[in-house]
Amino acid sequence: PNVAMKPSGVDWIGDVPGHWAVTRIKNLVSIVKGKKPHLLATNADTRAPYLSARVIRGTEEPQYAELSDSQSVMATANDILIIMDGSNSGEIFTNVAGVVSSTMGKLNYRSSVTKKMLMYFLDILFDTFNSEKVGAAIPHLDKDAFNKAEIVLPSICEQEAICSYLDVYVVMIDESIKTITEQIVTLKSLRQSLIHEAVTGKIDVADYGYNYE
């Protein structure tokens, strides 16, 4: 609470601790765009899933690419992936391994920023990426806008402390969101059931103006 502050020069950031650096993302991160490999590899020992957003979310079965395909961009569970093309461009994923699809990119980042800290920064910048889409038919992430985005850079020790704090409280909020979302689904179902029962004559409405006599 008593640390000396300084203006960051960035509107959305405001003042920051005086010893923190302010830098553009391009100084910390580079994007390697995925490429479309030869699909439908048959040998289970030499293949990897072709990672699209739908495959990562589990809404689509993966196709497979040969690991030996030289043009493939490979991702490990420790990598951060970002959607480059489509309506969800800017969305990020991690903890997945396979061949990066041509609609996504893999983030290579420097050792001066931790993976978790970068993930949290990308989380708050997601709306900015969405507002910076280009392309009429299929929206694309504006790489220039991404590279110019500015973030603060605490020391590694401070980054780890910040992430430990966020890991506790963000999880609590996410659990609350999940619970409320489930309650909304239940209430919507109750609403539909109530309407159905009433309009098909299965509910006594005598107290609401109907006279049986």
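Look a little higher up for the structure.
**Section: the overall build of the chain**
Inference 1: Along the chain, the regular secondary structure elements total four helices and 12 strands.
Inference 2: For 213 residues, the compact-globule estimate of 2.2 N^0.38 gives 17 Å, and the C-alpha radius of gyration of the chain, at 24 Å, exceeds that figure by more than 25%.
Inference 3: Taken along its principal axes, the extent of the C-alpha atoms in the chain is 80 × 60 × 35 Å.
Inference 4: In the chain, once contacts between residues fewer than 6 apart in sequence are set aside, the share between residues at least 24 apart is 65%.
Inference 5: Accessible surface computed for the chain: about 13500 Å², of which carbon and sulfur atoms make up 55%.
Inference 6: Separation of charge centres in the chain, based on 20 positive and 26 negative side chains, amounts to 8 Å.

**Remarks on the sheet that holds strand β4 (residues 29–33)**
Inference 1: With respect to topology, four strands assemble into an open sheet ordered β4-β11-β8-β9, the strand pairing being antiparallel. Each edge of the open sheet carries a strand with a single partner, namely β4 and β9 (92–94). Recorded for the sheet is a direction-independent mean angle of 35° between the axes of neighbouring strands.
Inference 2: In this sheet, strand β11 (residues 104–109) lies alongside β4 in antiparallel orientation, the contact comprising five bridges. Among the inter-strand pairings, S30 is bridged to a residue of β11, identified as N108.

**Structural notes on the side chain of S72**
Inference 1: Structurally, S72 is set in the loop between β6 (64–66) and β7 (74–75).
Inference 2: In this structure, S72 is in contact with P37, E66 and V99, ignoring residues within four places of it in sequence.

**Quick look at a nonpolar patch on the surface**
Inference 1: A surface patch of nonpolar side chains, about 550 Å² in accessible area, is lined by L194, I203, V205, Y208 and Y210.
Inference 2: If you trace the backbone, V205 turns up in the segment after α4 (156–199).

**So, the pattern of salt bridges**
Inference 1: Considering all chains together, one arrives at four salt bridges under this definition.
Inference 2: Here R54 ties to E60 by a salt bridge, and the two come within 3.7 Å at their closest N and O atoms.
Inference 3: Residue K116 is joined to D167 by a salt bridge in which the shortest nitrogen-to-oxygen separation is 2.4 Å. Of this pair, K116 sits in helix α2 (residues 115–131) while D167 sits in helix α4, and the two are 51 residues apart along the sequence.

**Quick word on the nonpolar core**
Inference 1: Ranked by size, the top nonpolar core spans 26 residues in total, and within it I25, V29, I82, L107, L122 and F146 carry the most contacts.
Inference 2: Of all the secondary structure elements, the ones that give two or more residues to this core are β4, β8 (80–83), α2 and β12 (150–153).
Inference 3: Per element, the largest residue contribution to this core is five residues, and it comes from α2.

**So, a negative patch on the surface**
Inference 1: Among the surface-exposed residues, D123, D174, E175 and E182 lie close enough to one another that they form a single negatively charged patch.
Inference 2: As for its position among the elements, D123 is in helix α2.
Inference 3: Overall, D123 belongs to the exposed group, its relative accessible area being 52%.

**Thoughts on the sheet that holds β6**
Inference 1: Strands sit in the order β6-β5-β10-β7 across an open sheet of four strands; the sheet is mixed. For this open sheet the edge positions go to β6 and β7, each flanked by a neighbour on one side alone.
Inference 2: Of the pairings in the sheet, the one linking strand β5 (residues 47–51) to β6 comprises three bridges and is antiparallel in character. In the strand pairing of β6, R47 is matched with E66.

The rules we used
- Residues numbered from 1 in each chain as written.
- Predicted model: local features only at pLDDT ≥ 70, side-chain atom pairs only at ≥ 80, totals over all residues.
- Heavy atoms only, no water.
- Helix = DSSP H or I, 4+ residues; strand = E, 2+ residues; numbered from the N terminus.
- Rg over C-alpha atoms; globule rule 2.2 N^0.38 Å.
- Contact = heavy atoms within 4.5 Å.
- Areas by Shrake-Rupley, 256 points an atom, 1.4 Å probe, with all protein chains shown as cover.
- Lys, Arg positive; Asp, Glu negative; His and termini not counted.
- Charge placed at Lys NZ, Arg CZ, Asp CG, Glu CD.
- Pairing = 2+ DSSP bridges.
- Axes fitted to C-alpha atoms, helices over the stretch in contact; angles between N-to-C directions.
- Patch = residues over 30% accessible without salt bridge, like charges linked within 9 Å, V, L, I, M, F, W, Y side chains within 5 Å.
- Salt bridge = Lys/Arg side-chain N within 4 Å of Asp/Glu carboxyl O.
- Core = buried A, V, L, I, M, F, W, Y, C linked by side-chain atoms within 4.5 Å.
- Buried < 20%, exposed > 50% of the residue type's maximum accessible area, 1.4 Å probe, protein only.

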